[in-house]
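# What the coordinates show
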Amino acid sequence: KAGVTQTPRYLIKTRGQQVTLSCSPISGHRSVSWYQQTPGQGLQFLFEYFSETQRNKGNFPGRFSGRQFSNSRSEMNVSTLELGDSALYLCASSFLGGNQPQHFGDGTRLSIL
Amino acid sequence: AQSVTQLDSQVPVFEEAPVELRCNYSSSVSVYLFWYVQYPNQGLQLLLKYLSGSTLVKGINGFEAEFNKSQTSFHLRKPSVHISDTAEYFCAVIPNRGGSEKLVFGKGTKLTVNP
C-alpha cells in the first residue's frame, strides 16, 4: 500500500510569490491534514479536510488556504509569500480523521529568498 | 485546549544504554496519546499510541510508553538503544471526543545515540 505522497519535495520561491503544494493520501483515507514545521514553532496545525470540506482550521492567516478533491487528494496554497513561511510542510492522512492515527508524508521543504 | 510539554529538547546517550524521553500533557478532557519519530529529511512515523486499556503500550522498534493519568504523563522508554534510533521524537495528544479534532504536538526531543 503506497504511503502519503507529497510533491514537490523541495521548493524555492521569493517573497511575494505564491505556491501550491500537493498531497496524495493513502488509498481509502478521506481525511487530510496539513502541518507547518519550523525550528522555532515546532509542528503547527494548518487545517484538515474531509470529504472535500474544511473541517478544522489552525491559527494561520488567510494567505494559507487549501482544498480537497473528490479523490481525496489535497492541495495547499500560500499567497504573498513571506520569509517566515520558510518551513517543512507536512501532510497527514487517516481514514476518518479525528482521533485516528495519522500517516505522514515526507513533506515539502519550502525556502523563501 | 490541550498542550504538550516535552521536558528535554536534547538527550544524548551511548549505544546499548536505556533511554527515557519525557512527555507531560495538559487537557480538560480525556485524550488519546501518541509518540511519533522523525528521521532526517523524512516525515513523522507513528511509534505507538494509547487509546484505552492497559497503560503500558508497546510500539515498534522496541519502544514502549506508560500512560499515567494522575501525573498526566506519557513517557517513552527503550531498554537498549541503537545508533539507528538517532532521530527526533514527538509526543502528541488529541481529545477523544471524536469528530473534528486536531493533534497537538510537543516541541520534540532530539535523541542522539553515540557509539
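Our structure is the block above this text.
In this report, the structure presented in the accompanying data block is examined. What you see is a predicted model; the values in this text were computed from it and never measured. Every chain's residues receive numbers from 1 upward, in the order its sequence appears when written. The order in which chains are written sets their letters, starting at A; the order in which ligands are written sets their numbers, starting at 1. Thresholds applied to this predicted model are a pLDDT of at least 70 for local features of residues and 80 or more for the giving and counting of side-chain atom pairs; totals over whole chains, interfaces and linings are not thresholded and use all residues. In computing side-chain properties, one takes all heavy atoms of the structure into account and sets aside hydrogens as well as water.

## Here's the deal with the packing of aromatic side chains
Stacked, tilted and edge-to-face are the three classes assigned to paired rings of Phe, Tyr and Trp, where Trp is represented by its six-membered ring and a pair needs centres within 6.5 Å; plane angles under 30 degrees give stacked, over 60 edge-to-face, the rest tilted. As enumerated under the stated definition, the model contains 13 aromatic pairs over all chains in all. Ring centres 6.3 Å apart and planes at 35° place the aromatic pair B:F34 and B:Y36 in the tilted group. Here B:F34 falls in the buried class, since its relative accessible area comes to 1%. Under the scheme applied here, a residue whose accessible area is under 20% of the maximum for its type counts as buried, over 50% as exposed, and between as partly exposed, the area being computed with a 1.4 Å probe on protein chains only. Overall, the relative accessible area of 0% leaves B:Y36 in the buried class. Taken together, a centroid distance of 4.5 Å and an interplanar angle of 25° make the contact between B:Y50 and B:F67 stacked. Residue B:Y50 is found in strand β6 (residues 44-50), and its partner B:F67 is found in strand β8 (residues 64-68); the two are separated by 17 residues along the sequence. You'll find B:Y50 and B:F67 in the same group, each marked buried. Three or more aromatic residues joined by ring pairs make a cluster, and in this case those are A:Y35, A:F45, A:F104, B:F34, B:Y36, B:F90 and B:F105. Positioned above the aromatic ring of A:F50, the side-chain terminus of A:R55 is 4.3 Å from the ring centre. Only runs of H or I of at least four residues qualify as helices and only runs of E of at least two qualify as strands under DSSP, and these elements are numbered from the N terminus. Put simply, a charge is over a ring when the Lys NZ or the Arg CZ is close to the ring centre, within 6 Å, and near the line of the ring normal, within 35 degrees.

## Quick notes on the interface of chain B and chain A
When checking whether two residues touch, look at their non-hydrogen atoms; a contact exists if any pair is within 4.5 Å. Counting residues at the interface gives 23 residues for chain B, matched by 23 residues for chain A. As used here, buried area is the combined drop in accessible area, with a 1.4 Å probe, of two parts when they are placed together. Overall, the association of chain B and chain A removes approximately 1,800 Å² of surface from exposure, summing both partners, and the carbon and sulfur fraction of that is 53%. Here a salt bridge means any side-chain nitrogen of Lys or Arg lying within 4 Å of a carboxyl oxygen belonging to Asp or Glu. Where chain B touches chain A, the interface holds zero salt bridges. Here a polar contact means two N or O atoms within 3.5 Å. Within protein one must be a hydrogen donor candidate and the other an acceptor candidate, and residues neighboring in sequence count only if both atoms are side-chain atoms. The interface formed by chain B and chain A holds six residue pairs in polar contact (both at pLDDT 80 or more) in total. Those elements giving two or more residues to the side of chain B that touches chain A turn out to be β5 (31-38), β6 and β10 (87-95) of chain B. Of the residues forming the side of chain B that touches chain A, the biggest block, four residues, is contributed by β5(B). A per-class count over the side of chain B that touches chain A returns 10 nonpolar, eight polar and five charged. Three classes are used: nonpolar for Ala, Val, Leu, Ile, Met, Phe, Trp, Tyr, Cys and Pro, charged for Asp, Glu, Lys and Arg, and polar for all others, with Gly counted as polar.

## Points about the state of the cysteines
Residues and elements named next belong to chain A. When two cysteine sulfur atoms lie within 2.5 Å, the pair is treated as a disulfide. All chains considered together, the criterion is met by two disulfides over all chains. Each sulfur of the disulfide joining C23 and C91 lies 1.7 Å from the other. An S-S torsion of about -55° defines the bridge between C23 and C91 as left-handed. Taken as a pair, C23 in strand β3 (residues 19-24) and C91 in strand β9 (residues 87-94) lie far apart in primary sequence, 68 residues in all.

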